Amino acid sequence: MLAPRYDLPDALGHFGPYGGVFVAETLIPALEELNEAYALAQRDPLFIAEFEYDLKHYVGRPSPIYHARRWSDLLGGAQIYLKREDLNHTGAHKINNCIGQAMLARRMGKPRVIAETGAGQHGVATATVAARYGMECVVYMGSEDIKRQAANVYRMKLLGASVVPVESGSRTLKDALNEAMRDWVTNVSNTFYIIGTVAGPHPYPMMVRDFQAVIGKESIVQMQDQCERQPDAVIACVGGGSNAMGIFHPYIPLAGVRLIGVEAAGEGIETGHHAASLTAGRPGVLHGNRTYLLQDENGQIIETHSVSAGLDYPGVGPEHAWLKDSGRAEYVTITDAEALQAFHSLCRLEGIIPALESSHAIAYAARLAPTLPKDKILLINLSGRGDKDMHTVAEKSGITF
Amino acid sequence: MSKIQATFERLQAQGRKALIPFITAGDPDPALTVPLMHTLVEAGADIIELGVPFSDPMADGPTIQRASERALLKGVSLRQVLGMVANFRADNNETPVVLMGYANPVESMGVNEFAATAFDAGVDGVLVVDYPPEESTEFARAMHANALDPIFLLAPTSTPARIAQVAALASGYVYYVSLKGVTGSAALDVAAVAARIPEIHASTGVPVGVGFGIRDALTAGLVARIADAVVVGSRIIEEIEQSTSDNVCARVHALVAELRRGMDDSVGTSPPVRGAS
């Protein structure tokens, strides 16, 4: 069954009331230049062919879909399938987008790329691609995050990137994004800003979604091959929301497929220590777009909490805001404790160590599966592998290396 | 006629240019903001730009970011900033006040409620940094409905088409950002700025204020020759940062008075430049 044609965003980047271009005039020319370059690239068969070639030979796509049979049996309900983005080069879905944007940077003649990073995954993916394309790479990272993610900081440096500590605001991801924007507006003539998620001013939410949509496009083909039908629900974790948008987008017209985004409830929504923008936030403007935000009564952005650094962001991609309001997608939450429990289950039952971000999607599937009959299918986007989270998980289990 | 427009017309008749200092409301302390505003006027300010602190000031350099952080540590909200303007108005009903800030606090209050409350408080104009004209239709309507001037930014990279977009919405004045980058960035190129101003005048029909990179009486004087208004922000914030609460008004007074002298001397010694209207 096909839903009405879905062709958002509009020409100015709006998804209903969300998205848009909320930046100072000084950034407008940079965004116009990017818009034009992307519009050309996206229609250019050579660009598309090169992107596909790199995804296959450098990233290792298509990533498989795996039937987690043992875990499904134990849960006793719906069958759980995992889209294995954790098997990509650099260990997460982030690289798909970085390759697309770095190719665009090269076309636009920009020899320098910059990025923001929280846990370091997008920073590592950007540094990886920059190394391969011979580009100068500067990664902005909150000084608090640098302390928490020493291994990823070293990985970025090994790959030749400079990591710049950000000391402003809460010294975390959102402040790194502010600082990267400031760098971009100052150095726009030679610099391309590789945003890591489906947020930021237009065209970023659309462009990042398009590069990540390979996840959902592959899934549609693979599910048909393996199960001769599409899943009953697609489940993905949502921080900024790029892995979720990537798998959701090709499924939007398939009205029979539920789309479920899982936000981080941290220590519990009621404690206020969480990162669930769609569930507990309200609309506002941050980082160039209108979307749901975690903010105080005066419109100041508040600090978020999640055991998973990749979900620790006070906003969310504007297309998710639209999918929530329109009812096409549902958004639910999972606490730190539930995510950790799911993390351990997948390790022990399937021999897969998931990222803590992805563990939120897994935990929700574990809650949903037993309520459904055995012939139902849940497809989970396993967006990254958990090697980076060893320290966090060990610490939570009272272990020190 | 708006208070901002009246101010520019009076200055033009006197052959002078507007000095527009910027301070962040609540920095270094909420109790000092109204005294600082009066100090700015006494030292020669014609219009005051009052910054509304925001947690994520994406377009600002480190100096104004720090001012915003200091104010937020003291719990300053948009409603309190409007209260400060109302207090200022108790003793000064002449000097226009322009609020400058980011969209989210305004949207959090609601654009219409904000506009009505700002008018009641005695605000004259509002510049929302992350509202470019394409996202400003509703905002500009709410401003005009409440007799407030929506102020917009223009940049060296703004095309004629964009200047026309701003012209369709702007009143009061437009703020020309003299260089690429964030607030508090390096020196500005006066000749390059001068080359753009006639086009902006012609298209918008409102006065042009120039800011970013103006740090002393000399540059203020040079910009005063080519623009209708000189906007100084980061340099004043630095002075506030280096002061104590006892001497902050005196030090800011000395700095602003020096900028004023630089402008008046410079404009006085050169042939008058075409004004706004």
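Residues numbered from 1 in each chain as written. Chains lettered and ligands numbered in written order. Predicted model: local features only at pLDDT ≥ 70, side-chain atom pairs only at ≥ 80, totals over all residues. Heavy atoms only, no water.

1. So, the confidence of the model for chain A
Residues shown with low pLDDT carry predicted positions that ought not to be read at fine detail.
In step 1: Model confidence for chain A is summarised by a mean pLDDT of 96, while 99% of its residues fall at 70 or above.
In step 2: Here helix 6 (residues 143–148) of chain A stands out as the least confident element of chain A, with mean pLDDT 87; strand 9 (residues 233–237) of chain A is the most confident, with 99. (pLDDT = per-residue confidence, 0-100. Helix = DSSP H or I, 4+ residues; strand = E, 2+ residues; numbered from the N terminus.)

2. As for the UniProt feature "modified residue: N6-(pyridoxal phosphate)lysine" (unreviewed entry) in chain A
Residues and elements named next belong to chain A.
In step 1: In the numbering adopted here, UniProt assigns the feature "modified residue: N6-(pyridoxal phosphate)lysine" (unreviewed entry) to Lys-94.
In step 2: Turning to its location among the elements, Lys-94 is positioned in helix 4 (residues 94–107).
In step 3: Filtering out sequence-adjacent residues up to four positions away, Lys-94 remains in contact with Gln-121, His-122, Ala-125, Gly-196, Thr-197, Gln-212 and Ser-242. (UniProt positions renumbered as here; feature names shortened; annotations may be inferred. Contact = heavy atoms within 4.5 Å.)

3. Section: helix 2 (residues 45–59) of chain A
A turn of α-helix holds 3.6 residues, and therefore any two residues three or four places apart point the same way.
Residue and element names in this part refer to chain A.
In step 1: With 15 residues, helix 2 should cover 21 Å at 1.5 Å per step; its first-to-last C-alpha distance of 20 Å lies within 8% of that length.
In step 2: Here helix 2 has its buried residues at Phe-47, Phe-51, Asp-54, Leu-55 and Val-59. The buried residues of helix 2 occupy an angular sector of 100° when projected down its axis, which confines them to one face. Exposed residues pointing more than 90 degrees away from the buried face of helix 2 are listed as Pro-45, Leu-46, Tyr-53, Lys-56 and His-57.
In step 3: Buried residues in helix 2 make contact with helix 1 (28–42), helix 4, helix 5 (121–133), helix 9 (204–212) and helix 10 (214–227).
In step 4: Measuring from the backbone nitrogen of Leu-46 back to the side-chain oxygen at the start of helix 2 gives 2.8 Å, which picks out Asp-44 as the cap.
In step 5: In the stretch just after helix 2, Gly-60 is the one whose phi turns positive, near 95°. (Expected span 1.5 Å × (residues − 1). Buried < 20%, exposed > 50% of the residue type's maximum accessible area, 1.4 Å probe, protein only. Arc of directions from axis to C-beta. Polar contact = N/O pair within 3.5 Å; in protein donor to acceptor, adjacent residues only side chain to side chain.)

4. Things to note about the UniProt feature "domain: Tryptophan synthase beta chain-like PALP" (unreviewed entry) in chain A
In step 1: Following the UniProt record, one finds the feature "domain: Tryptophan synthase beta chain-like PALP" (unreviewed entry) at residues 60–380 of chain A.
In step 2: Helix makes up 42% of residues 60–380 of chain A and strand 21%. Its end C-alpha atoms lie 19 Å apart.

5. Section: a nonpolar patch on the surface
In step 1: On the surface, a nonpolar cluster with roughly 320 Å² of combined accessible area is contributed by Tyr-154, Leu-158 and Leu-159 of chain A.
In step 2: Assignment of secondary structure puts Leu-158 of chain A in helix 7 (residues 150–158). (Patch = residues over 30% accessible without salt bridge, like charges linked within 9 Å, V, L, I, M, F, W, Y side chains within 5 Å. Areas by Shrake-Rupley, 256 points an atom, 1.4 Å probe, with all protein chains shown as cover. Salt bridge = Lys/Arg side-chain N within 4 Å of Asp/Glu carboxyl O.)

6. A word on the sheet that holds strand 6 (residues 136–142) of chain A
Residues and elements named next belong to chain A.
In step 1: Strand order across the open sheet formed by four strands is 7-6-5-8, with parallel pairing between neighbours. Two strands bound the open sheet, and with one partner strand each, they are strand 7 (162–166) and strand 8 (191–193). Strand-to-strand twist across the sheet, computed as the mean angle between neighbouring axes with direction ignored, equals 25°.
In step 2: Pairing between strand 6 and strand 7: five bridges, direction parallel. Each residue of the ladder has a partner; that of Val-138, found in strand 7, is Ser-162. (Pairing = 2+ DSSP bridges. Axes fitted to C-alpha atoms, helices over the stretch in contact; angles between N-to-C directions.)

7. What to know about the packing of helix 11 (residues 234–241) of chain B against helix 12 (residues 248–268) of chain B
Residues and elements named next belong to chain B.
In step 1: Interhelical geometry of helix 11 versus helix 12 gives an angle of 150° and a closest axis separation of 9 Å. In this view, helix 11 runs roughly antiparallel relative to helix 12, as classed from their interaxial angle. In terms of crossing hand, the pair formed by helix 11 and helix 12 is right-handed. Of the residues in helix 12, those touching helix 11 at Arg-235, Ile-236, Glu-239 and Ile-240 are Val-248, Arg-251, Val-252, Leu-255 and Val-256.
In step 2: Split into classes, the residues belonging to the contact of helix 11 with helix 12 amount to six nonpolar, no polar and three charged. (Parallel < 35°, antiparallel > 145°, perpendicular 65-115°, else oblique. Left-handed = near helix turned anticlockwise from the far one by under 90°. Nonpolar A, V, L, I, M, F, W, Y, C, P; charged D, E, K, R; others polar.)

8. Some remarks on the interface of chain B and chain A
In step 1: Across the boundary between the two partners, chain B contributes 35 residues, which contact 38 residues of chain A.
In step 2: Note on chain B versus chain A: buried area summed over both sides is about 2,900 Å², and carbon and sulfur give 50% of it.
In step 3: Applying the counting criterion to the chain B and chain A interface returns four salt bridges.
In step 4: Between Glu-32 of chain A and Arg-162 of chain B there is a salt bridge, and its shortest N-O distance comes to 3.5 Å.
In step 5: One can count 21 residue pairs in polar contact (both at pLDDT 80 or more) joining chain B with chain A.
In step 6: Partitioned by chemical class, the residues of the side of chain B that touches chain A number 18 nonpolar, eight polar and nine charged. (Buried area = accessible area lost by both parts, 1.4 Å probe.)

9. Regarding the environment of Tyr-204 of chain A
All names here are of chain A.
In step 1: Secondary-structure assignment places Tyr-204 in helix 9.
In step 2: Sequence separation between Tyr-204 and Pro-111 is 93 residues; the distance between their C-alpha atoms is 19 Å.
In step 3: When sequence neighbours within four positions are dropped, the list of residues in contact with Tyr-204 reads Leu-31, Leu-34, Gln-101, Trp-184, Tyr-193, Ile-195, Ala-199 and Arg-209.

10. Looking at the UniProt feature "active site" (unreviewed entry) in chain B
Residue and element names in this part refer to chain B.
In step 1: Here the UniProt feature "active site" (unreviewed entry) sits at Glu-49 and Asp-60.
In step 2: With respect to the element layout, Glu-49 can be found in strand 2 (residues 48–51).
In step 3: Once you skip the residues sitting within four places of it in the chain, Glu-49 turns out to touch Ile-20, Pro-21, Phe-22, Ile-23, Val-98, Met-100, Tyr-173, Tyr-175 and Val-231.
In step 4: Within the fold, Asp-60 resides in the loop between strand 2 and helix 3 (62–73).

11. Remarks on the pattern of salt bridges
Residue and element names in this part refer to chain B.
In step 1: In this structure the tally under the stated criterion is 42 salt bridges over all chains.
In step 2: Residue Asp-264 is joined to Arg-16 by a salt bridge in which the shortest nitrogen-to-oxygen separation is 3.2 Å. Of this pair, Asp-264 sits in helix 12 while Arg-16 is found in the loop between helix 1 (3–14) and strand 1 (18–24), placing the two residues 248 residues apart along the sequence.
In step 3: With a relative accessible area of 28%, Arg-16 lands in the partly exposed category.

12. Details of unusual backbone geometry
In step 1: A cis amide bond, omega 5°, links Leu-8 of chain A with the succeeding residue Pro-9 of chain A.
In step 2: Examined against the element boundaries, Pro-9 of chain A turns out to sit in the segment before strand 1 (14–15).
In step 3: Of note, the bond from Asp-27 of chain B into Pro-28 of chain B is cis; its omega dihedral lies within 30 degrees of zero at 0°.
In step 4: Structurally, the position occupied by Pro-28 of chain B is in the loop between strand 1 and helix 2 (30–42).
In step 5: Phi at His-287 of chain A is positive, roughly 50°, even though this residue is not glycine.
In step 6: Here His-287 of chain A lies in the loop between strand 11 (282–286) and strand 12 (288–293).

13. Observations concerning the pairing of strand 3 (residues 97–101) of chain B
Residue and element names in this part refer to chain B.
In step 1: Burial within strand 3 is extensive, with five of its five residues counted as buried.
In step 2: In strand 3, alternate side chains face the same way, and those of Val-97, Leu-99 and Gly-101 on one face and Val-98 and Met-100 on the other are all buried.
In step 3: Of the strand pairs in this sheet, strand 2 and strand 3 are connected by four bridges, and their pairing is parallel. Note on strand 3: the bridge partner recorded for Gly-51 is Met-100.
In step 4: Summarising the sheet, strand 3 and strand 4 (residues 125–128) pair through four bridges and their orientation is parallel. Bridge pairing in strand 4 links Leu-99 to Val-126.

14. Re the nonpolar core
In step 1: Within the largest apolar cluster, 195 residues are counted, with the highest numbers of intra-cluster contacts made by Leu-104, Trp-184 and Phe-248 of chain A together with Leu-99, Phe-114 and Val-210 of chain B.
In step 2: Take this core: its biggest share by element is eight residues, from helix 12 of chain B.
In step 3: Not counting the four nearest positions on each side in its chain, Phe-114 of chain B is found in contact with Leu-78, Leu-82, Leu-99, Val-106, Met-109, Val-126 and Met-143 of chain B.
In step 4: Residues Trp-71, Ala-233, Val-332 and Leu-368 of chain A belong to the second largest nonpolar core, which totals 30 residues. (Core = buried A, V, L, I, M, F, W, Y, C linked by side-chain atoms within 4.5 Å.)

15. Thoughts on the sheet that holds strand 11 of chain A
All names here are of chain A.
In step 1: The antiparallel open sheet is built from four strands, whose spatial order is 1-2-12-11. With one partner strand each, in any of the chains shown, strand 1 and strand 11 form the two edges of the open sheet.
In step 2: Direction of pairing for strand 2 (residues 18–22) relative to strand 12: antiparallel, over a ladder of two bridges. Looking at strand 12, one finds that Gly-19 is bridged to Arg-290.
In step 3: Most of the contacts of helix 13 (residues 318–326) go to strand 12, to which it runs at about 45°, and overall it touches strand 1, strand 2 and strand 12.

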